[in-house]
Amino acid sequence: MELPLLNRYELMWMIVLFDLPVVEKKERKEATKFRNYLLDNGFSMIQYSIYTKMFSGKDACEKYYKMIRQNLPAEGKVDIITITDKQYGNIISYQAAEKIEKKQQEQLVLF
């Protein structure tokens, strides 16, 4: 039996952006703990304070909204943006004034 493929409007990217204080040793420790929490839960680092993860749909993101909220550092600002895979595919990236060509990601089959 062949499983149906999700379209790029159903797949969702969660983007977690944060600005955390890191002046004091305790603040640096909390910021590192939060970054490691994201990495341990399958997020990928895009930039030092921007992490992403793909989900099968908006409903699949709900669990992570709660988990992230429960693991927020005491200080700082954290934003979560959720966009479709189609929207994420429109990102244009540059590094040192050179455009980075993105590889087309293979379609996920979820079962």
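Anything mentioned here points back to the structure above.
Residues numbered from 1 in each chain as written. Predicted model: local features only at pLDDT ≥ 70, side-chain atom pairs only at ≥ 80, totals over all residues. Heavy atoms only, no water.

*Asks:* It is not clear to me how the sheet that holds strand β2 (residues 44-47) should be interpreted in this structure. Could you clarify?
*Replies:* The strands that make up a sheet are held in pairs by hydrogen bonds between backbone atoms, and each pair lies either parallel or antiparallel. If you trace the four strands from one edge of the open sheet to the other, you get β2-β3-β1-β4, paired in antiparallel fashion. A strand with exactly one partner marks an edge of an open sheet, and here the two such strands are β2 and β4 (77-84). Pairs of neighbouring strands in the sheet enclose a mean axial angle of 25 degrees, with direction left out of account. Examined bridge by bridge, strand β1 (residues 12-19) and strand β3 (residues 50-55) share six bridges and lie antiparallel to one another. In the strand pairing of β3, Ile15 is matched with Thr52. In this fold helix α1 (residues 25-40) packs onto β1, β2, β3 and β4, with an angle of close to 170 degrees to the strand it touches most, β1. Against the sheet, helix α2 (residues 58-70) engages β1, β3 and β4, with an angle of about 20 degrees to β1. (Pairing = 2+ DSSP bridges. Helix = DSSP H or I, 4+ residues; strand = E, 2+ residues; numbered from the N terminus. Axes fitted to C-alpha atoms, helices over the stretch in contact; angles between N-to-C directions. Contact = heavy atoms within 4.5 Å.)

*Asks:* Sorry, what's going on with the pairing of β2 here?
*Replies:* On any regular strand, side chains alternate: one points to one face of the sheet, the next to the other face. As paired elements, β2 and β3 share three bridges and run antiparallel to each other. Counterpart to Ser44 in the pairing with β3 is Thr52. Between β2 and β3, which pair antiparallel in sequence order, lie two residues.

*Asks:* Can you help me understand the packing of aromatic side chains in this one?
*Replies:* For the structure shown, the criterion picks out five aromatic pairs. Between Trp13 and Tyr88, the ring centres sit 4.2 Å apart and the planes meet at 20 degrees, which makes this aromatic pair stacked. Placement of the pair is Trp13 in strand β1 and Tyr88 in helix α3 (residues 85-88), with a sequence separation of 75 residues. Each member of the pair, Trp13 as well as Tyr88, is classed as buried. A centroid spacing of 5.2 Å and a plane angle of 85 degrees characterise the contact between Phe18 and Phe34, whose relative ring orientation is edge-to-face. Taken together, the residues Phe18 in strand β1 and Phe34 in helix α1 connect sequence positions 16 residues apart. By relative accessible area, which is 7% here, Phe18 ends up buried. Residue classification places Phe34 among the buried residues on the basis of a relative accessible area of 2%. (Phe/Tyr/Trp six-rings, centres within 6.5 Å; stacked < 30°, edge-to-face > 60°. Buried < 20%, exposed > 50% of the residue type's maximum accessible area, 1.4 Å probe, protein only.)

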